[in-house]
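# Overview (structure and organization)
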Amino acid sequence: MTATLSKGDLRAATLAKRDSLSDEQRAAAGQAMAKRGVPFAILPGVVVSGYSPIRSEIDPAPLMRKLAEQGARLALPAVLSRGKSLAFRAWSPDDRLMLGPLGILEPSPAAEELIPDIMLVPLAAFDRQGHRIGYGAGHYDYTLAHLRKVKAITAVGTAFSLQEIKAVPALPHDVALDYVLTEKKVFDFRS
């Protein structure tokens, strides 16, 4: 796949590859990603936002449990409305979740709102420059750009290794990731 394809074409091709993974391969990849962990120290009380996996996304729950054991506070995103920043609500692995407006599991609106220090970001595809292709709504690009005006946030993409492509046709409003974690490797884009 090359950058001459549109984001939509790249997204469709990469998602088809991701969809072809078996449930066993997906579960093993999520465990492998968790075993490797993140390539930086988790300080007590740091807020890590994850996500409830949809479609065939890699499940960040094993990694999130590991980070909680290291002292992180966990949060999950809530979609408030299109074109607005995601909200992040406190979550622990034993909490019940509810369906949000887009049919994605979210914490209760009564859960404490937090601003993450580290965001685990789902994606459709990524390249070795830290660019990602999402699902086209721009929720994470908008949220990262908005929240980074308030504080430093480390953006960590989570993906299967087969989601790597040669080049993402990035646009000026696209926000680059600091890292990508896969079941096979950690990519560091900060330098």
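In case you missed it, the structure is sitting above this.
First, a word on what this report is: a plain description of the structure on this page. For every chain, the first residue of the written sequence is number 1, and numbering continues from 1 onward in sequence order. Side-chain atom pairs in this predicted model are given and counted only at pLDDT of 80 or more, local residue features only at pLDDT of at least 70, and totals for whole chains, interfaces and linings cover all residues. Working from all heavy atoms in the structure, the side-chain values ignore hydrogens and water.

## Side note on the pairing of strand 9 (residues 154-158)
Note the cut-off: For the exposure calls, accessible area comes from a 1.4 Å probe over protein chains only, and a residue counts as buried if that area is under 20% of its type's maximum, exposed if over 50%, partly exposed in between. Only runs of H or I of at least four residues qualify as helices and only runs of E of at least two qualify as strands under DSSP, and these elements are numbered from the N terminus. One requirement defines pairing of two strands: DSSP has to find at least two bridges between them.
Burial of strand 9 is extensive: 4 of the 5 residues sit out of reach of the surface. Where strand 6 (residues 118-121) and strand 9 come together, 4 bridges link them in parallel fashion. Within strand 9, the position partnered with Val 121 by the bridge is Gly 157. In this structure, strand 9 lies alongside strand 10 (residues 179-181), joined through 3 bridges in parallel fashion.

## A look at the pairing of strand 6
Residues of strand 6 alternate between two faces, with Ile 118 and Leu 120 on one and Met 119 and Val 121 on the opposite face, all of them buried. With 2 bridges joining them, strand 1 (residues 47-49) and strand 6 adopt parallel strand pairing. Considered in strand 6, the bridge of Val 48 is made with Ile 118.

## Quick word on the packing of helix 2 (residues 23-36) against helix 3 (residues 61-69)
Rules: Comment: axis = line fitted to C-alpha atoms, over the contacting stretch for helices; angle = value between 0 and 180 degrees taken between N-to-C directions. Roughly parallel refers to an angle under 35 degrees, roughly antiparallel to one over 145, roughly perpendicular to one between 65 and 115, and oblique to any angle outside these ranges. Whether a crossing is left-handed or right-handed is set by the direction in which the near helix is turned from the far one by less than a right angle, anticlockwise for left-handed and clockwise for right-handed. Whether two residues touch is decided by their heavy atoms; if any such pair falls within 4.5 Å, the residues are in contact. Classification used: nonpolar for Ala, Val, Leu, Ile, Met, Phe, Trp, Tyr, Cys and Pro, charged for Asp, Glu, Lys and Arg, polar for all others including Gly.
Contact pair helix 2 / helix 3: the axes reach a minimum separation of 7 Å and the direction vectors enclose 25°. As summarised for this structure, helix 2 and helix 3 are arranged roughly parallel, according to the angle between their axes. When the axes of helix 2 and helix 3 are compared, the crossing they make is right-handed. Two secondary-structure elements touch here, helix 2 through Gly 30, Gln 31, Met 33, Ala 34, Lys 35 and Arg 36 and helix 3 through Pro 62, Leu 63 and Lys 66. Counted by class, the contact of helix 2 with helix 3 contains 4 nonpolar, 2 polar and 3 charged residues.

## Quick notes on the pattern of salt bridges
Counted only if it meets this: Salt-bridge detection follows one rule: a side-chain nitrogen of Lys or Arg within 4 Å of a carboxyl oxygen of Asp or Glu.
The tally for this structure, following the rule as stated, stands at 7 salt bridges. Put simply, Arg 128 and Glu 164 hold a salt bridge, and the shortest N to O gap is 2.5 Å. Taken together, the positions of Arg 128 in the loop between strand 7 (125-126) and strand 8 (132-133) and Glu 164 in the loop between strand 9 and strand 10 put the pair 36 residues apart, joining distant regions of the chain. With relative accessibility at 46%, the residue Arg 128 sits in the partly exposed group. Given a relative accessible area of 25%, Glu 164 falls into the partly exposed group.

## Quick notes on the side chain of Thr 143
Secondary-structure assignment places Thr 143 in helix 4 (residues 139-147). Classification of Thr 143 by relative accessible area gives buried; the value is 0%. If we ignore the near neighbours within four places in the chain, the residues touching Thr 143 are Ser 85, Leu 86, Phe 88 and Met 119.

## Side note on the packing of aromatic side chains
Here is the rule we go by: Any Phe, Tyr or Trp ring, taking Trp's six-membered ring, that has another such ring centre within 6.5 Å forms a pair; planes under 30 degrees apart are called stacked, those over 60 apart edge-to-face, and the others tilted. Geometrically, a lysine NZ or arginine CZ counts as sitting over a ring once it is within 6 Å of the ring centre and also within 35 degrees of the ring normal.
Taken as a whole and assessed by the stated rule, the structure comprises 3 aromatic pairs. Residues Phe 187 and Phe 189 carry aromatic rings whose centres are separated by 6.2 Å and whose planes lie at 5° to one another, so their mutual orientation is stacked. Accessibility assignment for this pair places Phe 187 and Phe 189 in one class, buried. Aromatic ring contacts, followed pair by pair, group Phe 126, Phe 187 and Phe 189 into a single cluster. Positioned above the aromatic ring of Tyr 135 is the side chain of Arg 55, whose terminal nitrogen or guanidinium carbon lies 4.1 Å from the ring centre.

## Some details on the environment of Glu 113
Assignment of secondary structure puts Glu 113 in the loop between strand 5 (105-106) and strand 6. On the basis of relative accessibility, which here comes to 53%, the residue Glu 113 falls in the exposed class. With 34 residues separating them along the chain, Glu 113 and Val 79 place their C-alpha atoms 13 Å apart. Dropping the residues within four chain positions of it, Glu 113 is found in contact with Ala 87, Phe 88 and Arg 89.

## Re the nonpolar core
Convention followed: Only buried residues count toward a nonpolar core. Its members are Ala, Val, Leu, Ile, Met, Phe, Trp, Tyr and Cys residues joined through side-chain atoms within 4.5 Å.
Ranked by internal contacts, the top residues of the largest apolar core, which has 45 residues, are Ile 42, Val 48, Leu 63, Leu 67, Met 119, Leu 120 and Leu 177. Among the elements that line this core, the one with the most residues is strand 6, at 4 residues. If near-sequence neighbours (up to four positions away) are discounted, Val 48 is found in contact with Leu 67, Ala 72, Arg 73, Leu 74, Ala 75, Ile 118 and Leu 120. Of all hydrophobic cores here, the second largest spans 7 residues; its members include Leu 10, Ala 124, Ala 125 and Ile 133.

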